[in-house]
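Reading the structure
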Amino acid sequence: MTLTGPTAGERFINGILPENPVYRQLLGMCPTLAVTGAMKPALTMVAATAFALVSANLITSLIRHLLKPHLRILVFTLTIATFVTIADRFLAAYLYSMSKVLGPYVPLIIVNCLIISRCEVCSSKQSLGIALADGVGMSLGFGLGLASIATVRELLGSGSWFGIPVLPAAWPDWGIMLLPPGAFLVLGLLLATIEWVGRVRGAKKRARETSA
Amino acid sequence: MTMDSITLLIQIFVSAAIINNFVLHYFVGICPFLGVSRRVDTAFGMGCAVTFVISIASLLSWTLTYYILRPGAPLPAWLWRVAGGAESVTVDLSVLSYIVYIFVIAASVQFVEMYVRRFSPKLYKSFGVFLPLITTNCAILFTCLEILKQLQDPMRLWGLAEALTLGLGGGAGFTLAITVMAGIREELELRDVPRPLRGAGITLIVAGILAMACMGFAGVDKSIETTVQYLLH
């Protein structure tokens, strides 16, 4: 191929930090905010999303030569919907209480912009291996994003992590962290922190370059 | 129409629009809420487009769910009996619902876009550009799923009016949230926001404060019930 995009390895790494779906691209915000009240639902959500993302990436990569431009979004969403239905039935069968907690957010994976954007940007143009690496990398990045938010919210909101009490019993639970406003506030502050760290690092790097 | 059903309709509307606001309570439709909320007029246009599509999608999805997809729906049950299946079996096609809904949403967005472009160029100019984006707006699928949930429960079998009210209420809530947010962001442009917070950060924090404001309305639906009863007696 003459068109040299990022290789499979680069795409894999890209998904995790440089193009992290949660912090860099701000994609797939509904689950990011809705199910991060605790670690367990957050990680279940990540697993379901990862399954749908990787499977949909593989399928779109396989059928990429058959896609018609004006119908491609419809094909993507129908493919994703099929895999999400599988994930949803699986959760309802084996993790019933968890599927009740996640509620409508499992089917809402279908319209998770992250998956559609990966199908559109990457897998509908790339070969199977690259699509797979991209899907796995993006899923890991998504998982990292959700896990970080869920950690902050669960620690502050109920003093525990994965349901295990971590903070001393005297910790006053910040109830607001488990409610919708807490989700917005935590994500906003985490975004700002990452932006700030990036800025400080960039400034240091520039200072080194000018002094050298 | 009885008094109870009117009360229920008002409750559904107020609940979807304000108390359990789609954006600020259920987090659906966050992408346009963050992305298209820089200016009040575009935000309002987006809100109108979403309300329009949600209403159409809720009508279609109620019809499909009631007659075809819900457990014990008439059409597949009839087909089942014609095909010679046993009477005692309840036909349940709700496993297909996600695929059907996403297809309905994509198709209705396509048709609405074509219709508006053909018959109302002015309207098309004001919100036509947002229409393709709406297919992936979670708020619409969320409405369909909520209707499915109500129809799966035989105790609260919703009618078309309830489904449409949910759609309109949700759309109104989305419009309200995105317009308020755009108004605040227009003001924020002129303020000295700390550098790392600029853009998405401050928007999310403002959204958090708006969500707290929405929480303040909790319990209003109960008082609506008493008010309506008081007014009608």
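1. With respect to a nonpolar patch on the surface
Residues and elements named next belong to chain B. A cluster of nonpolar side chains, namely Leu75, Trp78, Leu79 and Val82, defines an oily patch on the protein surface of about 420 Å² accessible area. Examined against the element boundaries, Val82 turns out to sit in helix α4 (residues 74–82). For Val82, a relative accessible area of 58% gives the class exposed.

2. Focus on the confidence of the model for chain B
Residues and elements named next belong to chain B. Looking at chain B as a whole, its pLDDT mean stands at 84, while 96% of the residues score no less than 70. The secondary-structure element of chain B with the lowest mean pLDDT is helix α7 (residues 131–134), recorded at 72, while helix α9 (residues 160–188) shows the highest, at 92. Of the two predicted TM-score estimates for the complex, the pTM is 0.86 and the ipTM is 0.82.

3. Comments concerning the pattern of salt bridges
Note on pairing: side chains with opposite charge can pair once their charged atoms come close. Residues and elements named next belong to chain B. Per the stated rule, a full pass over the model turns up 8 salt bridges over all chains. Two residues, Asp41 and Arg39, come together in a salt bridge whose shortest N-O distance is 3.1 Å. For Asp41, a relative accessible area of 47% puts it in the partly exposed group. The salt bridge involving Lys149 is made with Glu146; its shortest N-O contact spans 3.5 Å. On the criterion of helical spacing, the pair formed by Lys149 and Glu146 is a turn pair, its members being 3 residues apart in helix α8 (residues 138–152).

4. Let's talk about empty space enclosed by the protein
Scanning the model with the defined rule gives 1 cavity of 30 Å³ or more in all. Its volume calculated, the largest cavity comes out at about 40 Å³. For the largest cavity, the full set of lining residues is A:Gly28, A:Met29, A:Cys30, A:Pro31, A:Leu108, A:Val111, A:Asn112, A:Cys113, B:Cys31 and B:Cys138. For the lining of the largest cavity, the element with the highest residue contribution is helix α2 (residues 29–34) of chain A, accounting for 3 residues. Taken together, the residues of the lining of the largest cavity break down into 8 nonpolar, 2 polar and no charged.

Parameters at a glance
Residues numbered from 1 in each chain as written. Chains lettered and ligands numbered in written order. Predicted model: local features only at pLDDT ≥ 70, side-chain atom pairs only at ≥ 80, totals over all residues. Heavy atoms only, no water. Patch = residues over 30% accessible without salt bridge, like charges linked within 9 Å, V, L, I, M, F, W, Y side chains within 5 Å. Areas by Shrake-Rupley, 256 points an atom, 1.4 Å probe, with all protein chains shown as cover. Salt bridge = Lys/Arg side-chain N within 4 Å of Asp/Glu carboxyl O. Helix = DSSP H or I, 4+ residues; strand = E, 2+ residues; numbered from the N terminus. Buried < 20%, exposed > 50% of the residue type's maximum accessible area, 1.4 Å probe, protein only. pLDDT = per-residue confidence, 0-100. 1 Å grid on protein atoms, 1.4 Å probe; cavity = no way out; pocket = protein on both sides within 12 Å on 5 of 7 lines; lining within 4 Å. Points joined across faces, edges and corners; volume = space filled by probe spheres on them. Nonpolar A, V, L, I, M, F, W, Y, C, P; charged D, E, K, R; others polar.

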